[in-house]
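If you want the building blocks of each chain, they are given just below.
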Amino acid sequence: MNIVVCIKQVPDTKGGVKFNPDGTLDRASMLAIMNPDDKAGLEAALRIKEEIGAEVTVLTMGLPKADDILREAMAMGADKAILVTDRVLGGADTWATSTTIAGALRNLDYDLIITGRQAIDGDTAQVGPQIAEHLGVPVISYAEGIKIEGDYVIVKRQYEDRYHEIKAKMPCLVTALSELNVPRYMTPGGIFDAYKKEVTVWGRADLKDVDDSDLGLKGSPTKIAKASDKVRKGAGEKVVLDAAESVEYIMGKLKEKHVI
Amino acid sequence: MGLEEYKGVFIYAQQVDNELSGIAFELIGKAKELAADLDTQVTAVLLGHNVKDLIDPLAEHGADRVIVVDDKELEVYRTEPYAHALASVINEYKPEIMLVGATAIGRDLGPTVSARVKTGLTADCTVLEIGDYPLNAAPGQEQLHKQLLMTRPAFGGNTIATIACPYNRPQMATVRPGVMQKLAPVKGAKAEVVEFDPGFVPNDKYVEILNIVKAVGTVENIMDAKILVSGGRGVGSKENFQMLQELADVLGGMVSCSRAVVENGWLAQDYQVGQTGKTVRPNLYFAIGISGAIQHVAGMEESDMIIAINKDEDAPIFDVADYGIVGDLNKIVPALTAALKAELAKE
């Protein structure tokens, strides 16, 4: 079977986040990583490959430097990598992004498409379901378990207070939660091989059945009216006290604020 | 496309097990404000099977009209029949604004429907208002009025963006649960009821649900709590959460937690606060043994008062806490519980 995993390069907002003295985000200091939910999706694909055999292709849309995460994916075990990059694709919202990726996917044979549920920079969770909609395949979001049974995929679909076990006929798109698994590390041999392999690079002309008017900034129905770094509420008091003093301190504040 | 044909503020009235979710009422509350600014009405779209009992509660919370699609195919949420129903309602009734809750259902239904009706969707909004796009008149670009301006956090809560959808309709947004205020219900209020049947023709997208497994013991919702006693990795073990529970009990609050706690299996995900959990804004939030990763902070920083207890004086939680105590939670928490008990016994 053929599995395509859609991945995204994102700034690392976990751990490596630094702020400028004025409280704004210091983006320059942040590392670019493979989005965590996408990595879990890749791991799920690699496990299917090991269990029943599959060809795993990773696909990303981004700047040329997104080549890094494609190499990482191949070092983990992906067989092929495709980078979709073109100046006309820049500034895309989720509609234009999903249109672009769907246009690239139409060139490929796929049984299963896996995307991360959401990327840690935008947190929208929209691109996966929208790709499925453009391609006309079933979507199962929020997967915390994926297994293959013949022509079907069985997914444990998470909700707030329950999960559904869902059976869908392939081809199908599944969005992965990072809770799905613990992704493997790259192996030294894998890293070596990954840099010998070729990354296929596609531009606008390689996208199938896509109108120019649906791409990039111009093709994005949503427009940013304003963007700013969040001004956080400043720190309050901080005290170092022993247990008895701490209790007295907290009780004082609770009384002052009429909680008790 | 004739954008002026699109009228009215619509909300998706999410129900699960034929019970309306809180977000449905929150969306009506917000929609009433937007509709007042636009001089239009609020329509709730109710999808499900045998859901007609849910119409009156929507009316009592402020819906002027309820469009109901009631069909066996909608008995349990599945993306395709629900997306088909909602997209059909949009195409038939042409709302200018369509609001959906940013729930595990809405974040699947919203993007699917927006792609189907070809419009923009802004995710996880925390502020919605009517205004101009662009915000300030600029030469060479027509300034449009009465646009929906949708504000949302991004970048793990580090940036805030205001988004418009000026040239497509409906203007769609998913809205974070727990942020908008529901209105006090007006007993006996009635809405205009419209029954709509878009027709359902099952295909491969009508996936099969093999099994539904509900989490047990999740009666109360941390989003409704006025006081939360929240624990993180620093609490140390599942057993130690009993200590937090006792503090919560004496204050009449609830226990909640950070993501690490869920990952360690100490508490169920229903109790998780943060970017991948719930957004809460209680009157009082205790952050106990929580380091304060931005993903966590994004879900609790709007709390009225935050008290943090952590042994690490450099923990980032102290940057958002109103009152921070550097100390040993194992000693402070039980002593605080005892002191509160004594204090309350006096009254």
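Residues numbered from 1 in each chain as written. Chains lettered and ligands numbered in written order. Predicted model: local features only at pLDDT ≥ 70, side-chain atom pairs only at ≥ 80, totals over all residues. Heavy atoms only, no water.

### Some points on the overall build of chain A
Step number 1: For chain A, the helix and strand inventory stands at 6 helices and 13 strands.
Step number 2: Overall size of chain A, expressed as C-alpha extent along the three principal axes, is 65 × 40 × 40 Å.
Step number 3: Every one of the 260 residues in chain A was classed for burial, and the buried ones make up 54%.
Step number 4: If you sum the accessible surface of chain A, you get close to 11400 Å²; carbon and sulfur atoms cover 52% of it.
Step number 5: Of the charged side chains in chain A, 34 are positive and 40 negative; the average position of the first set lies 3 Å away from that of the second. (Helix = DSSP H or I, 4+ residues; strand = E, 2+ residues; numbered from the N terminus. Buried < 20%, exposed > 50% of the residue type's maximum accessible area, 1.4 Å probe, protein only. Areas by Shrake-Rupley, 256 points an atom, 1.4 Å probe, with all protein chains shown as cover. Lys, Arg positive; Asp, Glu negative; His and termini not counted. Charge placed at Lys NZ, Arg CZ, Asp CG, Glu CD.)

### Looking at the pattern of salt bridges
Step number 1: Within this structure, the stated rule accounts for 33 salt bridges over all chains.
Step number 2: Between Glu72(A) and Lys39(A) there is a salt bridge, with its nearest N and O atoms 2.9 Å apart. Note that Glu72(A) is positioned in helix H2 (residues 67-76) and Lys39(A) in helix H1 (residues 36-52), a separation of 33 residues in sequence.
Step number 3: For Glu72(A), a relative accessible area of 16% corresponds to the buried category.
Step number 4: The exposure class of Lys39(A) is partly exposed, given its relative accessible area of 24%.
Step number 5: One salt bridge connects Glu80(B) with Arg116(B), and the closest N-O pair in it is separated by 2.8 Å. Of this pair, Glu80(B) sits in helix H3 (residues 79-93) while Arg116(B) is found in helix H4 (residues 106-117), placing the two residues 36 residues apart along the sequence.
Step number 6: Among the ionic contacts, a cluster of salt bridges with common partners joins Glu43(A), Arg47(A), Glu50(A) and Arg184(A). (Salt bridge = Lys/Arg side-chain N within 4 Å of Asp/Glu carboxyl O.)

### Some remarks on the packing of aromatic side chains
Step number 1: With the rule as written, the count across this model stands at 5 aromatic pairs over all chains.
Step number 2: An angle of 85° between the planes, with centres 6.4 Å apart, marks the rings of Tyr159(A) and Tyr77(B) as edge-to-face. Here the residue Tyr159(A) occupies a position in the loop between strand S8 (152-158) and strand S9 (162-169), and Tyr77(B) occupies one in the loop between strand S5 (65-70) and H3, the pair thus bridging two chains.
Step number 3: Accessibility expressed as a relative area gives 7% for Tyr159(A), which makes it buried.
Step number 4: On the basis of relative accessible area, Tyr77(B) is assigned to the buried category, the value being 6%.
Step number 5: Arranged with centres 5.5 Å apart and planes meeting at 80°, the rings of Tyr93(B) and Phe196(B) form a pair that is edge-to-face. Linking Tyr93(B) in helix H3 with Phe196(B) in the loop between strand S12 (192-195) and strand S13 (208-214), this pair joins segments that are 103 residues apart in sequence.
Step number 6: For Tyr93(B), a relative accessible area of 23% translates into the label partly exposed.
Step number 7: Here Phe196(B) falls in the buried class, since its relative accessible area comes to 16%. (Phe/Tyr/Trp six-rings, centres within 6.5 Å; stacked < 30°, edge-to-face > 60°.)

### Concerning the packing of H2(A) against helix H5 (residues 188-196) of chain A
All names here are of chain A.
Step number 1: With their axes 7 Å apart at the nearest point, H2 and H5 run at an angle of 130° to one another. What the angle tells us is that H2 and H5 run oblique. Handedness of the H2/H5 crossing: right-handed. Here H2 contributes Arg71, Met74 and Ala75 to the contact with H5, which in turn contributes Gly190, Ile191, Ala194 and Tyr195. (Axes fitted to C-alpha atoms, helices over the stretch in contact; angles between N-to-C directions. Parallel < 35°, antiparallel > 145°, perpendicular 65-115°, else oblique. Left-handed = near helix turned anticlockwise from the far one by under 90°. Contact = heavy atoms within 4.5 Å.)

### A few points about the sheet that holds strand S7 (residues 121-125) of chain B
All names here are of chain B.
Step number 1: Taking strand neighbours across the sheet as the criterion, the 7 strands line up as S7-S11-S6-S1-S4-S5-S12 in an open arrangement whose pairing is parallel. Edge positions in the sheet fall to S7 and S12, since each of these pairs with one other strand and no more. Sheet twist, expressed as the average angle between the axes of neighbouring strands with direction ignored, equals 20°.
Step number 2: Pairing of strand S6 (residues 97-101) with strand S11 (residues 171-175) involves 5 bridges; the strand directions are parallel. Its bridge partner being in S11, Val100 is matched across the sheet by Thr174.
Step number 3: In this fold H3 packs onto strand S1 (9-12), strand S4 (42-48), S5, S6 and S12, with an angle of close to 150° to the strand it touches most, S4. (Pairing = 2+ DSSP bridges.)

### Focus: the domain arrangement of chain B
All names here are of chain B.
Step number 1: Annotation of chain B at the domain level lists domain 1 (3-195) and domain 2 (222-346).
Step number 2: Relative to domain 2, the C-alpha centre of domain 1 lies at a distance of 33 Å.
Step number 3: Across the boundary between the two partners, domain 1 contributes 9 residues, which contact 6 residues of domain 2.
Step number 4: Together domain 1 and domain 2 conceal approximately 710 Å² of surface at their shared face, both sides included; 40% is due to carbon and sulfur atoms. (Domains from an automatic or database assignment. Buried area = accessible area lost by both parts, 1.4 Å probe.)

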